[in-house]
Amino acid sequence: MGLMYGTKQTHTHKIWSGSGSGVSARWVTFFCFASFCLGVIFINRFGITRVPLETNDIPSPLEKQKELLQTDINCEKKDDASVEARDIFSQVSRTHNVIMNLDKTISSLETKLASARSAKKPVSEASNEGRKFFFVMGIMTAFSSQKRRDSIRQTWMPQGKDLLRLEKEKGIIIRFVIGHSATQNGLLDHAIDVEDEQHKDFLRLNHVEGYHELSSKTQIYFSTVAAKWDADFYIKVDDDVHVNLGMIGSTLLRHRAKPRVYLGCMKSGPVLAQKGVKYHEPEYWKFGEDGNKYFRHATGQIYALSKDLATYISINRHILHKYANEDVSLGSWFIGLDVEHIDDRSLCCQTPPDCEWKTQAGNLCAASFDWSCSGICKSVERMKEVHKLCGEGEDAIWHTSF
């Protein structure tokens, strides 16, 4: 057996020894090289590549610490920015409040200045300071309306000593209200000065006269009279309207104890969008679709406000919007306020025969005019007629107790 084992080993050695019957070393080398080439070709053919291990994808502990530190810094920056934003907002809010307070102060000062710039006070008027009045009536007039003013002086408005007596005994103040011309101290202003020197029945406003400035004039009027006279009511009336003072006083007396009273003939007319027509509303789009009507407001010929509403206008007049029509502007200023709108039809009677029939029936009118003319048609010629047929009598005001 040991012989056989030795024989096998000798045979095997012969096969790999390079004899003619075995594989030579050169072929082994060739096969190895060919296998390598085939492997390279196979790898390139099918796109199999080695995926290298990128050490950069795995952050080191030092890099992690840097990222955490950077995150903390960013958070601190955001917190600082948030605090800074809140500080800025707080400063803006405080600045806004300061501006609003300054605006109110300026408004109050301008009101007092407007009063100071009005016509010189008579000695008798200086004694009225600090006194409480029943109502102040401002008759809106223009430079060209002297004849209208005279027609009122000759009918329902007391003159001279009676005008002063009305103030002392009844607490009623009546003035024609007018501003100044575009050229101050010109001929128009001088003519008013001469007329006032004669009658002493004007209130001059710091305002440039003009038909399209009626909203502004009304605003300045209420601001001025509220600062000038302490009264329960302030009335605005046009210079082509007939008034019974006793009836006006009796009407207001019924509402004297009420706060925030807005009294007149309430209406809600159409919003006129068409250009060129009378009472055209340039801001018609604010009132909705075509054909809409205005909110309820007093007609502009005559209306009355309680003191707190006149004061409200005085304080806020710089931010109260003015529409083209004065009565619409006034009504808009009270939207959103707790105001009592009182519709009193005795303030808008028609001229004779309407007011005449009512007078005969014992239902005297407080004010009369023609709707078609927005006042008494041809008031200079007809005021005396209306006063004769619809007036309450010369002594009525003196026998009426307020």
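Preceding this section is the structure that the text describes.
Report follows, based on the coordinates.

Definitions and cut-offs
- Residues numbered from 1 in each chain as written.
- Predicted model: local features only at pLDDT ≥ 70, side-chain atom pairs only at ≥ 80, totals over all residues.
- Heavy atoms only, no water.
- Axes fitted to C-alpha atoms, helices over the stretch in contact; angles between N-to-C directions.
- Helix = DSSP H or I, 4+ residues; strand = E, 2+ residues; numbered from the N terminus.
- Parallel < 35°, antiparallel > 145°, perpendicular 65-115°, else oblique.
- Left-handed = near helix turned anticlockwise from the far one by under 90°.
- Contact = heavy atoms within 4.5 Å.
- Nonpolar A, V, L, I, M, F, W, Y, C, P; charged D, E, K, R; others polar.
- Core = buried A, V, L, I, M, F, W, Y, C linked by side-chain atoms within 4.5 Å.
- Buried < 20%, exposed > 50% of the residue type's maximum accessible area, 1.4 Å probe, protein only.
- Phe/Tyr/Trp six-rings, centres within 6.5 Å; stacked < 30°, edge-to-face > 60°.
- Lys NZ or Arg CZ within 6 Å of the ring centre and 35° of its normal.

## What to know about the packing of helix α8 (residues 214-228) against helix α11 (residues 326-333)
It is at 8 Å that the axes of α8 and α11 come closest, and there the two elements cross at 50 degrees. The angle between α8 and α11 falls in the class oblique. Remark: the crossing between α8 and α11 carries right-handed chirality. Within the contact between the two elements, α8 uses Leu214, Ser215, Thr218, Gln219 and Phe222 and α11 uses Glu326, Ser329, Leu330 and Trp333. Residue composition of the contact of α8 with α11, grouped by class: four nonpolar, four polar and one charged.

## Let's talk about the nonpolar core
One finds Met137 and Ile248 to be the most contacted residues of the largest nonpolar core, which totals 44 residues. In this view, Met137 contacts Trp156, Ile173, Ile174, Arg175, Tyr221, Ile235, Val237, Val243, Leu245 and Ile248; residues no more than four positions away in its chain are not counted. Listed in part, the 28 residues of the second largest apolar core include Met266, Ala298, Tyr303 and Leu305.

## Focus: the packing of aromatic side chains
Throughout the structure, instances matching the rule amount to eleven aromatic pairs. Centroid distance Phe176 to Phe202: 5.9 Å. Interplanar angle 45 degrees. Geometry classified as tilted. Residue Phe176 is found in strand β2 (residues 172-180), and its partner Phe202 is found in strand β3 (residues 202-208); the two are separated by 26 residues along the sequence. Residue classification places Phe176 among the buried residues on the basis of a relative accessible area of 0%. Within the aromatic cluster, the residues linked to one another by ring pairs are Phe287, Tyr294, Phe295 and Tyr323. A cation over an aromatic ring shows up here: Arg165 above the ring of Trp398, its NZ or CZ 3.9 Å from the ring centre. Here the guanidinium or amino end of Lys228 rests over the ring plane of Trp229, the centre of that ring lying 5.3 Å away.

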